[in-house]
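An overview of the molecular structure
Listed here are the chains, written in short residue letters.
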Amino acid sequence: MTDVRKVISLRFAGTVGKFRLNVAFDAPMQGITALFGPSGSGKTTVLRCVAGLDRLSGRLSVGGELWQDANGTFREPYQRSIGYVFQEPSLFPHLSVRENLRYGGKRAVRAGVSEEIHFEDVVGLMGIAALLDRSTSTLSGGERQRVAIGRALLSQPRLLLMDEPLSALDHRNKEEILPFLEALHNTLSIPILYVSHDISEVERLADVLVLLDKGEVVACGALTELLADGRLPLAFRSDAATVFEGRVEGYDAQYGLTEIKVHGETLWVPGRVGKVGEDRRLRIVAADVSLSPERPSRTSILNVLPGQIRDIQLVDDAQVNVILLIGHGGLGPALLARISRRACESLAFSPGQKIYAQIKAVSLVGAGYSPSVVKSYDGAV
C-alpha cells in the first residue's frame, strides 16, 4: 500500500470552458514528474487545479496533507504551499533582481512558513550572483527564467509547478538553463510537476512520466519504463528513444572514451564524462540500434549488448519495434530498437529469443538521477 506521505495524489474531473478533464494519478514527493502530451491534452489545466486556480471536483493530497476533497475541503491558492513558474517569467520590472528574489521570501514570511531554502543557496544554485543588482529589463530570457525560479524557491514551497518554463526561450537560452534545472533536481528535495511539449526536455529531466491525451491519463510510471513500452504512442514517434541511468567506471585516455556501466553491461561514450562513481543519464535512439542473433565478431560498433526480446510491435508496413531487456539473463532495463519488418521476419525474431544489440550512437543527455526516486514510488493510482 502506498505511503501517503511519499506521494502527491490527485483526482480531478470536470469541465473548464469546453474542455473536459478526467485525470487520476500519484506522483512521488521528490524528483521531477513530467506531464507530457499534445496541445490541448490538459497539462496546464492539471497544474492550475493543483494550484487551486481552477476548481474542479476531486481530491488532492500532497505528502499526506489534504488540500481538496469531496467533503468540501478546499484550500484557496494563497493557502497552498506552492511555487509556480510560468512560460513567461513575469518578474516585477520596477524591482532589481535582488528585490524580486526577496519578494519570494516575504511571501513565505506572510504565510508563516519557516525558512529552509536560503537566499545565498538559491543564488548559488541558479548562478545569479552577478545579476543581483541589475534591472530585470537587462536580462536575457534564460537569466530572467532563472530569477523567476529562484523567486519561486524562496517562497519556501512544498511543491514546485513548472508550466513549459523553456518554451519561450531560443535554443541557446534553453541550453543555458537546462543545467540549472538539473542542479535543482539533484540538490533540493522539493517535488516538481513539470509540463512540457518537448520530449527531449522530458528525457533529460524527468524521473516519472504522466502521458495525457484529450483530458485523460494514457499512462503513468517511471520514465525509463514508459519510453520503452511498445504499446504507447511514444514508441511510434520517429524520434523514439530509450533512456538509461548509468555509472561512470573509468576513462580510456588513449582513445578518449568514458566507460559507463548500465546494469553490469558496458557502454562507451566519446569524451571525458564526469568522475568515477558519478551517475549519468544516457539516451539511445531506437533507429540507432541494430540486432543480431549472434554476437558480432568483427564490427566497428563499440557498443554491443546482450539481451532478450520481450515484445515485437508493428510500426507500419515497413518497420517494427523490437523491445528487449538487456543483460545475459534479460533482467536489465528495456531497450527499444527500430528495424525493418523484412529483417525481423528474415531473421525470425520472436519474444523470448536471446539476441545482441549493436548501438551505433549513445548520447549523454544529462546528470544521472538517483533511482531511489522511482524505487520509492510504485505508480499506484
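Scroll up to find the structure.
Given the structure is predicted, the values throughout are model-derived calculations rather than measurements.

Some remarks on the side chain of His-185
On the secondary structure map, His-185 appears in helix 5 (residues 171-187). Side-chain polar atoms of His-185 contact the side chain of Asn-186, separated by 3.1 Å.

Topic: the sheet that holds strand 11 (residues 241-252)
Taken together, five strands build an open sheet; the order of strands is 13-12-11-14-20 and the sheet is antiparallel. Unpaired on one side and paired on the other, strand 13 (265-270) and strand 20 (363-367) mark the two borders of the sheet. Averaged over all adjacent pairs, the angle separating strand axes in this sheet is 45°, with direction ignored. Judged from the seven bridges that link them, strand 11 and strand 14 (residues 279-285) form a sheet pairing that is antiparallel. Across the sheet, Ala-241 pairs through a bridge with Val-285, a residue of strand 14.

Quick notes on the sheet that holds strand 19 (residues 354-359)
With antiparallel pairing, the five strands of this open sheet are ordered in space as 15-19-16-17-18. With partners counted over all chains shown, the strands left at the sheet margins are strand 15 (289-292) and strand 18 (334-340), one partner each. Shown here is a sheet whose adjacent strand axes are inclined to one another by a mean of 45°, direction ignored.

Digging into the pattern of salt bridges
Scanning all chains against the criterion turns up 20 salt bridges. The closest approach of N and O atoms between Arg-75 and Glu-65, which form a salt bridge, is 3.0 Å. You can see Arg-75 sitting in the loop between strand 5 (65-68) and strand 6 (82-85) and its partner Glu-65 sitting in strand 5, a full 10 residues away along the chain. A salt bridge links Glu-175 to Arg-204, with the shortest nitrogen-to-oxygen separation between them at 3.6 Å. Of this pair, Glu-175 sits in helix 5 while Arg-204 sits in helix 6 (residues 199-205), placing them 29 residues apart in sequence. The exposure class assigned to Glu-175 is partly exposed, which follows from its relative accessible area of 35%. Accessibility expressed as a relative area gives 16% for Arg-204, which makes it buried. Because the salt bridges share partners, they merge into one network encompassing Glu-65, Arg-75 and Arg-158.

Side note on unusual backbone geometry
Residue Ser-90 is not a glycine yet carries a positive backbone phi of 55°. By the element assignment, Ser-90 lies in the loop between strand 6 and helix 2 (97-110). One non-glycine residue, His-263, adopts positive backbone phi at about 50°. Secondary-structure assignment places His-263 in the loop between strand 12 (257-262) and strand 13.

Structural notes on the nonpolar core
Core analysis: the largest hydrophobic core is formed by 33 residues, its most contacted members being Leu-101, Ile-149, Leu-153 and Leu-160. The set of elements that each furnish at least two residues to this core consists of helix 2, helix 3 (119-126), helix 4 (141-153), strand 7 (159-163), helix 5 and strand 8 (192-196). Once residues lying within four places of it in the same chain are set aside, the contact partners of Leu-153 are Ile-117, Val-122, Leu-125, Leu-160, Leu-184, Leu-188 and Ile-190. Grouped together as the second largest cluster of nonpolar side chains are 27 residues, Ile-8, Leu-35, Trp-67 and Leu-212 included.

A look at the environment of Leu-56
By secondary structure assignment, the location of Leu-56 is in the loop between helix 1 (43-51) and strand 4 (57-62). Looking at Leu-56, the relative accessible area reads 7%, which means it is buried. Beyond its immediate sequence surroundings of up to four residues, Leu-56 is in contact with Phe-12, Ala-13, Gly-14, Thr-15, Val-16, Leu-21, Cys-49 and Gln-68.

Overview of the pairing of strand 11
Pairing of strand 11 with strand 12 involves five bridges; the strand directions are antiparallel. Bridge assignment links Asp-252 to a residue of strand 12, and that residue is Leu-257.

Overview of the state of the cysteines
Scanning the model with the defined rule gives zero disulfides in all. Note on Cys-49: no disulfide assigned, nearest cysteine sulfur contributed by Cys-220 at a separation of 17 Å. Assessed through its relative accessible area of 0%, Cys-49 is described here as buried.

Some remarks on the packing of helix 3 against helix 4
It is at 10 Å that the axes of helix 3 and helix 4 come closest, and there the two elements cross at 150°. With respect to helix 4, the element helix 3 is oriented roughly antiparallel. Helix 3 and helix 4 meet at a crossing whose hand is right-handed. Contacts between helix 3 and helix 4 involve Val-122, Leu-125 and Met-126 from the first element and Arg-146, Ile-149, Gly-150 and Leu-153 from the second. For the contact of helix 3 with helix 4, a count of residues per class yields five nonpolar, one polar and one charged.

Quick word on the pairing of strand 16 (residues 303-314)
Put simply, side chains in a regular strand alternate between the two faces of the sheet. As paired elements, strand 16 and strand 19 share six bridges and run antiparallel to each other. Directly across from Gln-308, in strand 19, lies its bridge partner Lys-354. Pairing of strand 16 with strand 17 (residues 319-326), which is carried by seven bridges, proceeds in the antiparallel orientation. Of the residues in strand 17, the one forming a bridge with Gln-313 is Asn-321. Connecting the antiparallel pair strand 16 and strand 17 is a turn made up of four residues.

The rules we used
- Residues numbered from 1 in each chain as written.
- Predicted model: local features only at pLDDT ≥ 70, side-chain atom pairs only at ≥ 80, totals over all residues.
- Heavy atoms only, no water.
- Helix = DSSP H or I, 4+ residues; strand = E, 2+ residues; numbered from the N terminus.
- Polar contact = N/O pair within 3.5 Å; in protein donor to acceptor, adjacent residues only side chain to side chain.
- Pairing = 2+ DSSP bridges.
- Axes fitted to C-alpha atoms, helices over the stretch in contact; angles between N-to-C directions.
- Salt bridge = Lys/Arg side-chain N within 4 Å of Asp/Glu carboxyl O.
- Buried < 20%, exposed > 50% of the residue type's maximum accessible area, 1.4 Å probe, protein only.
- Core = buried A, V, L, I, M, F, W, Y, C linked by side-chain atoms within 4.5 Å.
- Contact = heavy atoms within 4.5 Å.
- Disulfide = S-S within 2.5 Å.
- Parallel < 35°, antiparallel > 145°, perpendicular 65-115°, else oblique.
- Left-handed = near helix turned anticlockwise from the far one by under 90°.
- Nonpolar A, V, L, I, M, F, W, Y, C, P; charged D, E, K, R; others polar.

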